[in-house]
Each structure stands twice: as structure tokens, then as C-alpha cells.
Amino acid sequence: RYQQVFDSVREVIFQTDATGRWTFLNPAWHEITGFTVESSLGTMFLDYVHPLDREANIERFRPLINREKE
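So, how was this worked out
- Residues numbered from 1 in each chain as written.
- Predicted model: local features only at pLDDT ≥ 70, side-chain atom pairs only at ≥ 80, totals over all residues.
- Heavy atoms only, no water.
- Helix = DSSP H or I, 4+ residues; strand = E, 2+ residues; numbered from the N terminus.
- Contact = heavy atoms within 4.5 Å.
- Areas by Shrake-Rupley, 256 points an atom, 1.4 Å probe, with all protein chains shown as cover.
- Lys, Arg positive; Asp, Glu negative; His and termini not counted.
- Charge placed at Lys NZ, Arg CZ, Asp CG, Glu CD.
- Salt bridge = Lys/Arg side-chain N within 4 Å of Asp/Glu carboxyl O.
- Buried < 20%, exposed > 50% of the residue type's maximum accessible area, 1.4 Å probe, protein only.
- Expected span 1.5 Å × (residues − 1).
- pLDDT = per-residue confidence, 0-100.
- Core = buried A, V, L, I, M, F, W, Y, C linked by side-chain atoms within 4.5 Å.
- Pairing = 2+ DSSP bridges.
- Phe/Tyr/Trp six-rings, centres within 6.5 Å; stacked < 30°, edge-to-face > 60°.

Attention shifts here to the overall build of the protein chain. Across its full length, the protein chain carries four helices and two strands. Going from N to C terminus, the protein chain has its helices and strands arranged as α-β-β-α-α-α. Referenced to the eigenvectors of the C-alpha coordinate spread, the extents of the protein chain come out at roughly 30 × 25 × 20 Å. Contacts spanning at least 24 positions in sequence make up 15% of the contacts within the protein chain whose residues lie at least 6 apart. Surface summary for the protein chain: the accessible area is close to 5600 Å², and the carbon and sulfur share equals 53%. Averaging the coordinates of the 8 positive side-chain charges in the protein chain and doing the same for the 11 negative ones gives two points 3 Å apart.

Once that is clear, we can look at the pattern of salt bridges. Per the stated rule, a full pass over the model turns up one salt bridge. A salt bridge links Arg 62 to Glu 59; the shortest N-O distance between them is 2.8 Å. Linking Arg 62 with Glu 59, this pair stays in helix 4 (residues 54-65), spanning three residues, or about one helical turn. Note on Arg 62: relative accessible area 39%, which makes it partly exposed.

Let us now look at helix 4. Given a rise of 1.5 Å per residue, 12 residues ought to cover 16 Å, and the 16 Å separating the end C-alpha atoms of helix 4 matches this to within 8%. The positive-phi residue at the C-terminal boundary of helix 4 is Arg 67, with phi of around 55°.

This next bit is on the confidence of the model for the protein chain. Per-chain confidence: the protein chain averages 90 in pLDDT, with 100% of residues scoring 70 or above. Taken element by element, the protein chain is modelled with least confidence in helix 1 (residues 2-8), mean pLDDT 81, and with most confidence in helix 3 (residues 37-40), mean pLDDT 97.

In terms of nonpolar packing, the biggest core is built from eight residues, these being Trp 22, Leu 25, Trp 29, Val 37, Phe 45, Leu 46, Val 49 and Phe 61. Look past the residues within four positions of Val 49 in its chain and what remains in contact with it is Arg 54 and Asn 57.

Another point: the pairing of strand 2 (residues 22-25). Bridge count between strand 1 (residues 14-16) and strand 2: three bridges; the pairing is antiparallel. Directly across from Gln 15, in strand 2, lies its bridge partner Phe 24. Adjacent in sequence and paired antiparallel, strand 1 and strand 2 are bridged by five residues, among which Gly 20 carries a positive phi angle near 95°.

Here the structure, examined in full by the defined rule, presents eight aromatic pairs. Judged by centre distance (6.4 Å) and plane angle (50°), the ring pair of Trp 22 and Tyr 48 falls under tilted. Here Tyr 48 lies in the loop between helix 3 and helix 4 and Trp 22 lies in strand 2, a separation of 26 residues in the sequence. Taking the centre distance of 5.1 Å and the plane angle of 85° together, the rings of Trp 29 and Tyr 48 count as edge-to-face. Of this pair, Trp 29 sits in helix 2 (residues 28-33) while Tyr 48 sits in the loop between helix 3 and helix 4; the two residues are 19 residues apart in sequence, bridging distant segments of the chain. Under the relative-accessibility criterion, Trp 29 is labelled buried at 6%.

This is how it looks when you write it as C-alpha cells:
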């Protein structure tokens, strides 16, 4: 049942590991970005962030990894 929701929602639902590598992406990823889910899994989420926005994203991601924020 949940799989059906993940597959049909038009927003990207994702999960990364502690290093920032994609471990889950729903099909909306491909629809929105043009990158296939298969080729993106295991890559760093920062690879898809504009260079000027990377530092801000790292600062947002760090507290999540350190379990300082949910």
C-alpha cells in the first residue's frame, strides 16, 4: 500500500545514508530531474545541488547526521 503512494506521488521522496548517498528515490525523481533512479542511487545528494548552494545544504544536513535534529 505504501509502495503505491511512493510510486504515484509527484514529489521526490528520498532517503540518504549517513554519508549523504542516496539509498532510496521514488519515481518522481526521474520525472522531475531526468536522472534515472538506478543511476542515481549510491551517489552523493550534493552532486545534484548547484555549487553555490552546496555549503548551505551541508550545514542543513550535518545536524541530521549527528542526530542533533530530526
